[in-house]
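# Descriptive structure summary
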Amino acid sequence: MGLFDSIFGKRHPVERGKECEDQFRTENEMFGDKIKRTGVGSDFEREKLSDPLTGKTRKEKWEIKRNNSPLSKRQKQTRGLKVARYRDNGFGGFEVSVENRKGEKLEKNLFTGKYEKVPKRQRGPFGLNNSTLCGESASSSRSKRHKSNDDLFGFNSNMFGNSSGKRKRKKQSDSFGWGF
């Protein structure tokens, strides 16, 4: 709830959602995109110029949601749907994040201009994994299985002839070879 809402009272959630849709429309029209209202499975269809030399365009379907509003059944079935989620930041403004229809975060690729799924293990700066920046390597974070025959001092108990590990022994025969 923003500062304006706290002074003049709460507005209906539909009005607040339409405010987000208006903001999406004006932001994209400022950059020269054509916005068309669809209404079936998505809010808008954005036609964006993908190659200025050839005049080739790309169409994307967008759904505008506010805070934690769920997608409808029809919206979950719409292929290629991108969800612009406007979250209140407490100062009367919004933080915008982009998701796909499954709720996975998307980021815009600066070279191609397309939205791509963010990998679960996001790499940090210089191509290093985030866990290596904190001082632990990626292999140390996994649990390792230790053998039970290591003693406290790091010596293997097999060194002295005692083996605590179970192993299959061959059947020893007596001196005559009868196998008793």
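So, here is what we can say about the structure in this document. (Residues numbered from 1 in each chain as written. Predicted model: local features only at pLDDT ≥ 70, side-chain atom pairs only at ≥ 80, totals over all residues. Heavy atoms only, no water.)

Further remarks concern the packing of aromatic side chains. The description of an aromatic ring pair rests on the distance of the ring centres and on the angle between the ring planes. For the coordinates displayed, the defined rule picks out 4 aromatic pairs. On the basis of an interplanar angle of 25° and a centroid distance of 5.7 Å, the ring pair of Phe-24 and Phe-44 is categorised as stacked. Of the two residues, Phe-24 sits in helix α2 (residues 13-30) while Phe-44 sits in strand β2 (residues 44-51), which places them 20 residues apart along the sequence. Between Phe-24 and Trp-62, the aromatic rings sit 5.4 Å apart at their centres with planes inclined by 45°, giving tilted as the arrangement. Of the two residues, Phe-24 sits in helix α2 while Trp-62 sits in strand β3 (residues 56-66), which places them 38 residues apart along the sequence. By the burial criterion, Phe-24 is buried, and Trp-62 matches it. Three or more aromatic residues joined by ring pairs make a cluster, and in this case those are Phe-24, Phe-44, Trp-62 and Tyr-115. A cation sits over an aromatic face here: Arg-37 above Phe-44, 5.3 Å from the ring centre. (Phe/Tyr/Trp six-rings, centres within 6.5 Å; stacked < 30°, edge-to-face > 60°. Helix = DSSP H or I, 4+ residues; strand = E, 2+ residues; numbered from the N terminus. Buried < 20%, exposed > 50% of the residue type's maximum accessible area, 1.4 Å probe, protein only. Lys NZ or Arg CZ within 6 Å of the ring centre and 35° of its normal.)

What follows covers the side chain of Glu-60. Following the sequence through the fold, Glu-60 ends up in strand β3. Separated by 2.8 Å, the side chains of Glu-60 and Arg-46 make a polar contact. Only 3.1 Å separates the side chain of Glu-60 from the side chain of Trp-62, close enough to count as a polar contact. Beyond its immediate sequence surroundings of up to four residues, Glu-60 is in contact with Phe-44, Glu-45, Arg-46, Lys-82 and Tyr-115. (Polar contact = N/O pair within 3.5 Å; in protein donor to acceptor, adjacent residues only side chain to side chain. Contact = heavy atoms within 4.5 Å.)

The subject of this paragraph is the pattern of salt bridges. One pass over the full model with this rule turns up 11 salt bridges. Between Asp-88 and Arg-66 there is a salt bridge, with the nearest N and O atoms lying 2.8 Å from each other. Placement of the pair is Asp-88 in strand β4 (residues 81-88) and Arg-66 in strand β3, with a sequence separation of 22 residues. Three or more residues are tied together by salt bridges with common partners; here these are Asp-33, Arg-46, Arg-58 and Glu-60. (Salt bridge = Lys/Arg side-chain N within 4 Å of Asp/Glu carboxyl O.)

In terms of nonpolar packing, the biggest core is built from 11 residues, these being Cys-20, Phe-24, Ile-35, Phe-44, Trp-62, Ile-64, Ala-84, Tyr-86, Phe-94, Val-98 and Leu-106. Taken together, the elements giving at least two residues each to this core come down to α2, β3, β4 and β5 (94-100). If we ignore the near neighbours within four places in the chain, the residues touching Phe-44 are Glu-21, Phe-24, Arg-25, Ile-35, Lys-36, Arg-37, Thr-38, Glu-60, Lys-61, Trp-62 and Ile-64. (Core = buried A, V, L, I, M, F, W, Y, C linked by side-chain atoms within 4.5 Å.)

Walk down a regular strand and you will see the side chains alternate between the two sheet faces. Inspection of the sheet shows strand β1 (residues 34-37) paired to β2 by 4 bridges, in the antiparallel sense. What sits directly across from Lys-34, in β2, is Glu-47. Bridge analysis of β2 against β3 gives 7 bridges, and the strand direction is antiparallel. Each bridged residue has a counterpart across the sheet, and for Glu-45 the counterpart in β3 is Lys-61. The antiparallel pairing of β2 with β3 creates a hairpin that spans 4 residues between the two strands, and Gly-55 there sits at a positive phi of about 80°. (Pairing = 2+ DSSP bridges.)

Quick look at the environment of Leu-71 now. Mapped onto the elements, Leu-71 comes out in the loop between β3 and α3 (73-77). For Leu-71, a relative accessible area of 14% corresponds to the buried category. The contact partners of Leu-71, leaving out residues within four places of it in the chain, are Glu-63, Lys-65, Lys-76, Val-83 and Arg-101.

For Asp-43, the position within the fold is in the loop between β1 and β2. No salt bridge is formed by the buried Asp-43; the nearest opposite charge belongs to Arg-37, separated by 4.2 Å. Within polar-contact distance, the side chain of Asp-43 engages the backbone nitrogen of Ile-64 at 3.1 Å. Apart from residues lying up to four places away in sequence, Asp-43 is in contact with Glu-21, Lys-36, Arg-37, Thr-38, Trp-62, Glu-63 and Ile-64. (Lys, Arg positive; Asp, Glu negative; His and termini not counted.)

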